[in-house]
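Structural description and commentary
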Amino acid sequence: MTNEVNEMSAGSRGYANTDKELWRERPGDYYSDSIFVTESGGIGINAGGYVLVANVRAWHTAGVRLLTVDETLPAWRRRIAMWLLGWA
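Residues numbered from 1 in each chain as written. Predicted model: local features only at pLDDT ≥ 70, side-chain atom pairs only at ≥ 80, totals over all residues. Heavy atoms only, no water.

The next subject is the pattern of salt bridges. Enumeration according to the criterion identifies three salt bridges in this entry. R24 is paired through a salt bridge with E21; the nearest N and O atoms lie 2.6 Å apart. Here R24 falls in the buried class, since its relative accessible area comes to 13%. A salt bridge links R26 to E25; the shortest N-O distance between them is 3.3 Å. (Salt bridge = Lys/Arg side-chain N within 4 Å of Asp/Glu carboxyl O. Buried < 20%, exposed > 50% of the residue type's maximum accessible area, 1.4 Å probe, protein only.)

So, on to a nonpolar patch on the surface. On the surface, L66, L67, M82 and W87 cluster together into a nonpolar patch covering about 400 Å² of accessible area. Topologically, W87 is positioned in the segment after α3 (75-84). (Patch = residues over 30% accessible without salt bridge, like charges linked within 9 Å, V, L, I, M, F, W, Y side chains within 5 Å. Areas by Shrake-Rupley, 256 points an atom, 1.4 Å probe, with all protein chains shown as cover. Helix = DSSP H or I, 4+ residues; strand = E, 2+ residues; numbered from the N terminus.)

Residue alternation in strand β2 (residues 34-37) divides its side chains into a buried set, S34 and F36, and an unburied set, I35 and V37. The pairing of strand β1 (residues 20-24) with β2 spans four bridges and is antiparallel. Opposite E21, over in β2, you have F36 as the bridge partner. Relative to strand β3 (residues 43-47), β2 is paired through four bridges, and the arrangement is antiparallel. Note on β3: the bridge partner recorded for I35 is I45. The antiparallel pairing of β2 with β3 creates a hairpin that spans five residues between the two strands, and G41 there sits at a positive phi of about 95 degrees. (Pairing = 2+ DSSP bridges.)

What follows concerns the side chain of S34. Here S34 is to be found in strand β2. Residue class for S34 comes out buried when judged on its relative accessible area of 4%. With residues near it in sequence (within four places) discarded, S34 still touches E21, W23, R24, G44, I45 and N46. (Contact = heavy atoms within 4.5 Å.)

And the structure:
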């Protein structure tokens, strides 16, 4: 009976990790921040245990929105935005 339970838990509930890791903050530490590509081509970022997976277009759009400083903002808000982006 014990062998049946072990075989069942190993066989029927096991999943193969098909992600391809590109970078890990601390190699071998699977709780550290990382970047990976999923089997379906999504790019995943794990930061602080919170994972976001999106396609290349979605990551690019997010980056463009983050890096765009709106010229219609008041000067003090533009300066803060540029400081946050490291452009100050």
